[in-house]
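Okay, here's what each chain looks like letter by letter:
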Amino acid sequence: MTNSSPTPAVRLHGLTKSYGRGATVLRGIDLEIAQGEFFTLLGPSGSGKTTTLRLIGGFELPDSGRIHLGETDVTTLPPYRRNVNTMFQDYALFPHMTLLDNIAYGMKVRGVARDERTERALAALEMVHLGNVADRRPTQLSGGQRQRVALARALVNKPALILLDEPLGALDLKLRREMQVELKRIQKQTGITFVYVTHDQEEALSMSDRIAVFSHGVIEQVGTPADLYERPSSAFVARFIGSSSILQENGREILLRPEDVRLEASGYSPAPHEQTMAGTISEVSYLGPVTRFTLCGPDDEDGVTAIVPSRHARSWREGMSVVAVWPEEAAYPLPHRQD
Amino acid sequence: MTPGRKLLGHIALLVPPFGWLGVFYLGSLSVLLLSAFWQVDAMSGEIVRDWTWENFRILFSDTTYTVIARRTTGIAILVTITDIILAWPLAWVIARKVGPRLKLTLLVLVALPLWSSMLARIYAWRLILGHDGVLNWGLRLVGLPDQNVAFTNIALWIVFSYLWLPFMLMPMVAALERIPASLLDAAGDQGATPWQVFRTVVFPLAIPGMAAGSVFTFAVTQGDYVAPMLVGGAGSEFIGNVVYSNVGVSGNVPFAAAFSLILLAMVAAYMLLARRFGAFDAQ
């Protein structure tokens, strides 16, 4: 590691975009993504994350703002002039071509010799464990296999940047977990910058080096998964990443993570540096290893959620009066909003 | 209802359509097949039911008929190619470039001529292409010499191309609509220029639509005899016209049957070919 910061892989400056009739999707996006990063655009649907990805890929043009890939200003370049490959949400495999031809497609249109492209396409298929079905057509594959082919096609051209648009959305949970590990492994192995779009905060936390949280066409916060979880910049980020309770205290919003909260019988006298809230258990959800309790305060407001290991939670029932206890340092005051 | 009665009910529903098809369609087809191998007595005009290849021998040896068969097929191919070329830009715009309202308007405009009689539409072309028709009137207006297009194979080509264009256009619109937008994005993303995207993705995926359309432009053109009669000239006879005159004028039904059978075989061969290209695959 040197001190001089290398050129970022992606630089977005003041991007705005609206679709006809004034539906504004992006309201000024500024972002820098470093070389070799696994960077996630996270947000609810309609927050602008996919539009941002499509602007980087060149599938749409911004109303204003600039897009740099490395040193190059690509704002107005068409997709085929950008050194970027995309893994599409619906995989977008060509139905009239074999898997091998699908993967070799980019090399073919750019005039790579047949022998070389066959060799490289086969190697890419091997990498995603599909070397033995190179002659099949996409319709003969399962969803998970198609997804691997789409990944191989994005990787085979060795682009500077790979864009992934909710690529795991259509898979079942188990396959999803496997592919998360696989994607992360391949990203590390190749060192290619990944820009990943998802609305699944758990997926974002487990895979990303850094995350940008989108809401209503702006970026709420950019940071590492730990930054976002432990030091969220707003109630929106706190609510969107993990589960949280937000208490009002002297006009400030205080964030409390449920795993920091435990339950005690009423009348519990807190130790120094402990804070408490008395209340009634309004909801109990048994989740296996842990049990989640929702507490209602005296005025039916300021609810607190506690997640307690299930073996410590057997005595608590719905409707019981209890005290929620947490260490002082676990309460995180959210920064005041700038606007 | 017992299973037995249910089965009887199903059979009762199937008898009328199968009966109809069996008697009128398969029945007349087999008579056609059989009579192609019969003869007409030259003196009496009676049909002689002796098996013979004579009709086919004449059809394959007499250049009059081989020329007609080649003309029929040649113009059908020309019409198909013309309609594919004409339909592409419009089908592309209707399928992918316009909003739902304009799409509906354009499709209605394309279908509108089909609400009028085919004869009326062919006669309209006589008014356009005729010696004192709209075409020459326009040419004279800008000082160009008259063209003698009417009653030629060129007129036939123009009229057929016009008649069947909507039937090429509709399946092509359907085929182009079905191509997911993400495939076009993916091709561009992989480095294909717009022309390469068209050549390697859009065109191959539109082949089933073109094949379905060509069933009309090729097979129906091959079987037509009305347009050659109305806008064709002395050298514009189609197989259908030979069949027509042999049935109606010279009363040689076996000879007409033999030529129909050849036409039928060509159309069937073409249908098989079109099926190979996905013409009949819904979806």
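Per an unreviewed UniProt entry, the recorded name for chain B is ABC transporter permease, and the organism is Acetobacter peroxydans. Per UniProt, chain B carries the Sequence similarities (unreviewed entry) text "Belongs to the binding-protein-dependent transport system permease family. CysTW subfamily." Here chain B is described in UniProt, under the heading Subcellular location (unreviewed entry), as follows: "Cell membrane".

Per an unreviewed UniProt entry, chain A carries the name ABC transporter ATP-binding protein and comes from Acetobacter peroxydans.

Moving on, we get to the overall build of chain A. On a plain count of helices and strands, chain A comes out with 8 helices and 18 strands. On the principal axes, the C-alpha backbone points of chain A span a range of 80 × 50 × 45 Å. Restricting the contact set of chain A to residue pairs at least 6 apart, pairs at least 24 apart contribute 62%.

Formed by 85 residues in total, the largest nonpolar core has its most connected members in Ile 103, Ala 152, Val 195 and Val 213 of chain A. At 7 residues, helix α4 (residues 143-156) of chain A tops the list of elements feeding residues into this core. When residues of this core are assigned to domains, at least three fall in each of domain 1 (10-236) and domain 2 (247-333) of chain A. If we ignore the near neighbours within four places in the chain, the residues touching Val 195 of chain A are Val 10, Ile 33, Phe 39, Leu 41, Leu 53, Ile 56, Leu 161 and Leu 163 of chain A. In terms of nonpolar packing, the next biggest core, distinct from the first, is built from 39 residues, Ala 95, Leu 129, Val 149 and Met 170 of chain B among them.

If you trace the backbone, Ile 158 of chain B turns up in helix α7 (residues 153-177). What makes Ile 158 of chain B partly exposed here is the crowd of 19 C-beta atoms within 10 Å.

Bringing the sheet that holds strand β11 (residues 245-249) of chain A into the picture now. Sheets are built from strands paired through backbone hydrogen bonds, the pairs being either parallel or antiparallel. Residue and element names in this part refer to chain A. The 3 strands are arranged β11-β12-β18 in an open sheet whose pairing can be described as antiparallel. In the strand order of this sheet, the two ends are held by β11 and β18 (332-333), each with one partner. With 2 bridges connecting them, strand β12 (residues 252-256) and β18 associate as antiparallel partners. Within β18, the residue paired with Leu 255 across the bridge is Tyr 332.

So, on to the UniProt feature "domain: ABC transporter" (unreviewed entry) in chain A. Residues annotated in UniProt with the feature "domain: ABC transporter" (unreviewed entry) correspond here to residues 10-241 of chain A. The span residues 10-241 of chain A is 37% helical and 26% strand by assignment, and the distance between its end C-alpha atoms comes to 24 Å.

Now for the domain arrangement of chain A. When its domains are assigned, chain A resolves into domain 1 (10-236) and domain 2 (247-333). Placing the centre of domain 1 of chain A and that of domain 2 of chain A at their C-alpha centroids yields a distance of 40 Å.

Right, let's get into the packing of helix α2 (residues 99-109) of chain A against helix α3 (residues 114-127) of chain A. Residue and element names in this part refer to chain A. One can describe the packing of α2 onto α3 by two numbers: an axis separation of 9 Å at closest approach and a directional angle of 125°. Of the possible angle classes, the one that applies to α2 and α3 is oblique. Handedness of the α2/α3 crossing: right-handed. Side by side, α2 and α3 meet where Leu 99, Leu 100, Ile 103, Ala 104, Met 107 and Lys 108 of the first sit next to Arg 117, Thr 118, Arg 120, Ala 121, Leu 122, Ala 124 and Leu 125 of the second. Here the contact of α2 with α3 is built from residues that sort into 9 nonpolar, 1 polar and 3 charged.

This part is about the confidence of the model for chain A. Note: predicted coordinates in regions of low pLDDT should not be interpreted at a detailed level. Of the residues in chain A, 96% reach a pLDDT of 70 or more, and the chain-wide mean stands at 90. The least confident element of chain A, judged by mean pLDDT, is β11 of chain A at 83; the most confident is strand β3 (residues 38-42) of chain A at 97.

Here we come to the pairing of strand β6 (residues 84-87) of chain A. Residue and element names in this part refer to chain A. In β6, alternate side chains face the same way, and those of Val 84 and Thr 86 on one face and Asn 85 and Met 87 on the other are all buried. Bridging between β6 and strand β7 (residues 161-165) involves 4 bridges; their strand directions are parallel. Among the inter-strand pairings, Val 84 is bridged to a residue of β7, identified as Leu 161.

Turning our attention to the UniProt feature "transmembrane region" (unreviewed entry) in chain B. Residue and element names in this part refer to chain B. Within the UniProt annotation, "transmembrane region" (unreviewed entry) is assigned to residues 12-38, 75-94, 106-129, 149-176, 197-220 and 253-273. Secondary structure across residues 75-94 comprises 100% helix and 0% strand; the distance between its end C-alpha atoms is 28 Å. Regarding residues 106-129, the helix share stands at 75% and the strand share at 0%, and the terminal C-alpha atoms are separated by 26 Å.

Time to look at the interface of chain B and chain A. Each partner contributes residues to the interface: chain B has 16 residues there, and chain A has 16 residues. When contributions to the side of chain B that touches chain A are tallied by element, the ones reaching two or more residues are α8 (181-189) and α9 (194-223) of chain B. The element contributing the most residues to the side of chain B that touches chain A is α8 of chain B, with 6 residues. Split into classes, the residues belonging to the side of chain B that touches chain A amount to 7 nonpolar, 7 polar and 2 charged.

Analysis parameters
Residues numbered from 1 in each chain as written. Chains lettered and ligands numbered in written order. Predicted model: local features only at pLDDT ≥ 70, side-chain atom pairs only at ≥ 80, totals over all residues. UniProt positions renumbered as here; feature names shortened; annotations may be inferred. Helix = DSSP H or I, 4+ residues; strand = E, 2+ residues; numbered from the N terminus. Contact = placed C-beta atoms within 7 Å. Core = buried A, V, L, I, M, F, W, Y, C linked by C-beta atoms within 7 Å. Buried ≥ 20, exposed ≤ 12 C-beta atoms within 10 Å, placed from the backbone. Domains from an automatic or database assignment. Pairing = 2+ DSSP bridges. Axes fitted to C-alpha atoms, helices over the stretch in contact; angles between N-to-C directions. Parallel < 35°, antiparallel > 145°, perpendicular 65-115°, else oblique. Left-handed = near helix turned anticlockwise from the far one by under 90°. Nonpolar A, V, L, I, M, F, W, Y, C, P; charged D, E, K, R; others polar. pLDDT = per-residue confidence, 0-100.

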